[in-house]
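Understanding the architecture of this molecule
Residues per chain are reported as follows:
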Amino acid sequence: MAGFYERKWSSAARWCERIAMICLPYFALTILLHRFDKITTPQAVWLVAFGLAMILASLFLGVRALLDLWNNGLRGGKATVRGVIVATLLLIPFIWHGYLALEHPLLSDVATNPYSPPQYLQAQKLREENAAAGMNQLADYTEAYADTLIADYPKIGSRRYNAGPERVLASVRTLIADRSWTITATQGVPEDAPPPAPAVESDPEAGEEAPAKPKAADAANPEPAEAEEASDLPANIEIEVVATSPVFGYKNDVVIQIVSEAEATLVDMRSSSRFGAHDFGYNARLIEKFMSDLDASLLGIAGEG
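Rules and cut-offs
- Residues numbered from 1 in each chain as written.
- Predicted model: local features only at pLDDT ≥ 70, side-chain atom pairs only at ≥ 80, totals over all residues.
- Heavy atoms only, no water.
- Helix = DSSP H or I, 4+ residues; strand = E, 2+ residues; numbered from the N terminus.
- Buried < 20%, exposed > 50% of the residue type's maximum accessible area, 1.4 Å probe, protein only.
- Contact = heavy atoms within 4.5 Å.
- Areas by Shrake-Rupley, 256 points an atom, 1.4 Å probe, with all protein chains shown as cover.
- Salt bridge = Lys/Arg side-chain N within 4 Å of Asp/Glu carboxyl O.
- Patch = residues over 30% accessible without salt bridge, like charges linked within 9 Å, V, L, I, M, F, W, Y side chains within 5 Å.
- pLDDT = per-residue confidence, 0-100.
- Expected span 1.5 Å × (residues − 1).
- Bend = angle between axes of the 7 residues up to and from the residue.
- Core = buried A, V, L, I, M, F, W, Y, C linked by side-chain atoms within 4.5 Å.
- Pairing = 2+ DSSP bridges.
- Phe/Tyr/Trp six-rings, centres within 6.5 Å; stacked < 30°, edge-to-face > 60°.
- Lys NZ or Arg CZ within 6 Å of the ring centre and 35° of its normal.

A look at the overall build of the protein
Tallying secondary structure elements over the protein gives 9 helices and 9 strands in all. A buried classification covers 38% of the 305 residues belonging to the protein. Sequence separation of at least 24 residues holds for 74% of the intrachain contacts in the protein that already meet a minimum separation of 6. Carbon and sulfur atoms make up 59% of the accessible area of the protein, which totals about 18200 Å².

Structure below.
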């Protein structure tokens, strides 16, 4: 009578796949809980750290399973491959952030003018009240700190626009709305800022007033808005907002400062992470993208600060 040999399963292969598959809903649930404010950011960080431990455990078990399959001929090759693939894919974001941590300086507060950064209207008080909960305090912009920002983020700088503050403010508010940022405080911003009415001129054929047509010389060389009419806005305007990251929903405080000068409008910006000593370059990317979009909306009148 012929004998029948049944290959045993590798327990390491089973658990490699199980733990990797558990990680998928685990991270999805952690993200949803944090985005909907059911858990705090420090709690989310601890949950993510535990998830990372599970990913590493799955990969370790995958290596152990491969040894079982090779040395003892145990079953579980497909389960091991599935578990290792899923765990590796989940590990990629952690590897990427490790690279960003090495690529960028250890800081969480970035400003376009590091020697005289815009000041927050409410974030300072918020962070002092939540210091015990681990919320970051605002950075002390010393000369050494400013030199570090300039050296590591040379593309981040102030902007000057040959336009009136009304036009710049309108573009800033549009970009804030497009990003769904939450405005938490303002200074010098009118509650209702209607668009300026077009100048009118008499149309003899129509017998009524019609919008004034720009002259050819004026169209070729547009004058700054403030040259035609003095601005009713204060010289210093500030808008403070909360920006939320797209995936985990981490919150950053952002302040945008608009300063009226003699013949131009100066724009500065500052972004600060609420939690974490390292922002992985996120604040600088946020400012750079916003300023780039502001340049595009005010095309042709931008200048470096």
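So much for the structure itself; the text now carries on.
Description of the pattern of salt bridges
Scanning the model with the defined rule gives 10 salt bridges in all. Measuring nitrogen to oxygen at the nearest pair gives 2.6 Å for the salt bridge that ties E17 to R82. Linking E17 in helix α1 (residues 11-35) with R82 in helix α3 (residues 77-103), this pair joins segments that are 65 residues apart in sequence.

Some thoughts on a nonpolar patch on the surface
A grouping of V81, I85, L89 and I92 is seen on the molecular surface, where their side chains present a nonpolar patch of about 370 Å² in accessible area. Relative to the helices and strands, I92 is located in helix α3. Judged by relative accessible area, I92 falls into the partly exposed class, the value being 45%.

What about the confidence of the model for the protein?
For the protein, the average pLDDT comes to 85, and 83% of its residues sit at 70 or higher. Within the model, pLDDT remains below 50 along residues 194-228, and this stretch shows 24 contacts once partners closer than five positions in the same chain are excluded.

Focus: unusual backbone geometry
Where the residue is not glycine, phi is negative for most of them; where a peptide bond is considered, it is trans in most cases. One non-glycine residue, S180, lies in positive phi territory at about 60 degrees. Along the polypeptide, S180 turns up in the loop between α6 (165-178) and β3 (182-187). Take S180: its relative accessible area is 62%, and that puts it in the exposed class. Its identity as a non-glycine residue notwithstanding, F280 has a phi of 55 degrees, on the positive side. In this structure, F280 sits in the loop between β8 (265-273) and α9 (282-297). By relative accessible area, which is 26% here, F280 ends up partly exposed.

Considerations on α3
In this model, α3 (27 residues) spans 38 Å end to end at C-alpha, consistent with the 39 Å of a helix rising 1.5 Å per residue. At I92, α3 is deflected by roughly 30 degrees, the largest bend along its length, and proline P93 occurs up to four residues later in sequence. Those residues of α3 lying buried are A79, T80, G83, V86, A87, L90, L91 and L100. Along its buried surface, α3 packs onto α1, α2 (41-72) and α9.

Some points on the nonpolar core
V172, W181 and M269 are the most contacted members of the largest nonpolar core, which totals 34 residues. When contributions to this core are tallied by element, the ones reaching two or more residues are β1 (109-111), α5 (143-152), α6, β6 (236-244), β7 (251-260), β8 and α9. Apart from residues no more than four positions distant in its own chain, V172 is found in contact with I239, I256, I258, F290 and L294. Core analysis: the second largest hydrophobic core is formed by 15 residues, I31, V86, A87 and L91 among them.

Overview of the environment of A87
Structurally, the position occupied by A87 is in helix α3. Separated by 33 residues in the primary sequence, A87 and M54 have C-alpha atoms spaced 8.8 Å apart. Dropping the residues within four chain positions of it, A87 is found in contact with A20, I55, S58 and L59.

Section: the pairing of β6
Counting buried residues along β6, 7 of its 9 residues qualify, which places the element largely inside the surrounding structure. In this sheet, β6 lies alongside β3 in antiparallel orientation, the contact comprising 5 bridges. Pairing of A185 across the sheet is with E240, part of β6. Bridge analysis of β6 against β7 gives 9 bridges, and the strand direction is antiparallel. Pairing of N236 across the sheet is with V259, part of β7. Counted along the chain from β6 to the antiparallel partner β7, the turn is 6 residues long, and its residue G249 has a positive phi close to 80 degrees.

Quick look at the packing of aromatic side chains
Summed over the entire model, instances satisfying the criterion amount to 7 aromatic pairs. Here Y26 and F50 contribute two aromatic rings whose centre-to-centre distance is 6.1 Å and whose plane-to-plane angle is 55 degrees, an arrangement assigned as tilted. Placement of the pair is Y26 in helix α1 and F50 in helix α2, with a sequence separation of 24 residues. Measuring from centroid to centroid gives 5.6 Å for W181 and F290, while their planes differ by 15 degrees, and the two rings are stacked. Of this pair, W181 sits in the loop between α6 and β3 while F290 sits in helix α9, placing them 109 residues apart in sequence. Across the pair, F290 and W181 agree in class, each one buried. Grouped by ring-pair contacts, the aromatic residues Y26, F27, F50 and F94 constitute a single cluster. A cation over a ring is seen here: R179 above W181, with NZ or CZ 5.6 Å from the ring centre.

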